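# Descriptive structure summary
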Amino acid sequence: MQGIANTGVFITGGCGDIGQAVAKRFLAAGARVVLADMRPAAQGRAAAKALDPQRAAYVRCDVTRAASLDRAFAAALKFLGRLDTAICNAGTVTNQPFVDVTEEAWHRVLGVNLTGSFLTAQRAARLMLKNPRRGTARRGTILFTGSWVQHMPWPQGSSYCASKGGQQMLAKIIAQELAPHGITAAIVAPGMVYAGLTKKIYDRDRHFAKLVDKVVPLLRMSTAEEVAGSFLFLASDDGAYITGTTLLVDGGATLVRRE
Ligand SMILES: NC(=O)c1ccc[n+]([C@@H]2O[C@H](COP(=O)([O-])OP(=O)(O)OC[C@H]3O[C@@H](n4cnc5c(N)ncnc54)[C@H](O)[C@@H]3O)[C@@H](O)[C@H]2O)c1
């Protein structure tokens, strides 16, 4: 895809399953990539090295803390040269009946998925505003990993669905405010991905697995790789006029099945 080679990409949750698949696609298209993640340094460095020892790097960061992100962006900028694409992808999930959701679990999920996206996107935008404006070319792109449940309630998903619904509105506001400055913002919303926590729950919980198999019209979960290309598309020249919207990659999960 055009417009990705030699760009600088910052991915939170970059050591996770979807983050790794996305990083691979950007690296294959010629970008430099920073994996920003709270996983231990040894693990993060090994992940970056395995992807590409020259053009991928790891920085440790906790997206719930502004100071941690400030340090991560400063280190990333040294490695990348400039920031073109930021992907707010770090995420966590808790499934609990609404009446049992604890205050701690609520704050943890909202903290990573919503506050973490806000803090990451705000820092990214401030850096992108320093990129020179060249004609109609973008100064930068801020992408979010949403979820099909940002539109649809999922049983026992109050904290997770609320966090992704909030993130969707956040992305629209960012898109609206920053479009005149040449910065776009959009969401890739996967459905059920055989990745991360969903994979672990699917493998251990037969009830969940049955529900997933019934809900997805394509009758299977996606792979992380099947989701990754959409991020590349939105950051490429082909996605330059797309802002404030969501690209659903959900195998039809949001279509109501009536049989
Ligand atoms: N797996 C799915 O089915 C699915 C579906 C839709 C959306 N998503 C979203 O995709 C994104 C990536 O999920 P995944 O499936 O790859 O899971 P994953 O657990 O493999 O990856 C998540 C990554 O985020 C990192 N992380 C968590 N808290 C962090 C913090 N405070 N600061 C920095 N990093 C932090 C973790 O260390 C991990 O590497 C999440 O936003 C998730 O909500 C996943």
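Residues numbered from 1 in each chain as written. Predicted model: local features only at pLDDT ≥ 70, side-chain atom pairs only at ≥ 80, totals over all residues. Heavy atoms only, no water.

Attention shifts here to the nonpolar core. One finds Phe10, Leu83, Ile142, Phe144 and Ile174 to be the most contacted residues of the largest nonpolar core, which totals 33 residues. The set of elements that each furnish at least two residues to this core consists of β2 (32–37), α3 (66–80), β4 (85–88), α4 (103–128), β5 (140–145), α5 (158–178) and β6 (183–190). Here this core gets seven residues from one element, more than from any other, and that element is α4. Once you skip the residues sitting within four places of it in the chain, Ile174 turns out to touch Ala121, Ile142, Phe144, Ala179 and Ala185. Counting residues in hydrophobic clusters, the runner-up holds 32 residues, among them Ile18, Ala21, Ala23 and Leu51. (Core = buried A, V, L, I, M, F, W, Y, C linked by side-chain atoms within 4.5 Å. Buried < 20%, exposed > 50% of the residue type's maximum accessible area, 1.4 Å probe, protein only. Helix = DSSP H or I, 4+ residues; strand = E, 2+ residues; numbered from the N terminus. Contact = heavy atoms within 4.5 Å.)

Attention now goes to the pattern of salt bridges. On inspection of all chains with the given rule, the structure shows five salt bridges. For Asp62, the salt bridge is made with Arg65, and the minimal N-O distance between the two is 3.5 Å. Residue Asp62 is classed as buried on the basis of its relative accessible area, which comes to 18%. (Salt bridge = Lys/Arg side-chain N within 4 Å of Asp/Glu carboxyl O.)

Time to look at the environment of Ala41. By the element assignment, Ala41 lies in helix α2 (residues 41–51). Overall, Ala41 belongs to the partly exposed group, its relative accessible area being 27%. Expressed as a C-alpha distance, the spacing of Ala41 and Tyr58, which sit 17 residues apart in the sequence, is 7.8 Å.

Attention shifts here to the pairing of strand β1 (residues 8–12). Across the five residues that make up β1, a large majority, five, are buried. Burial of β1 is two-sided: the residues Gly8, Phe10 and Thr12 facing one way and the residues Val9 and Ile11 facing the other way are all buried. Pairing of β1 with β2, which is carried by five bridges, proceeds in the parallel orientation. Each residue of the ladder has a partner; that of Ile11, found in β2, is Leu35. Handedness of the crossover joining β1 and β2 through helix α1 (residues 17–28) is recorded here as right-handed. Of the strand pairs in this sheet, β1 and β4 are connected by three bridges, and their pairing is parallel. Counterpart to Val9 in the pairing with β4 is Thr85. (Pairing = 2+ DSSP bridges. Right-handed = clockwise from strand over helix to strand, strands pointing away.)

Just distances and angles here, no functional claims.
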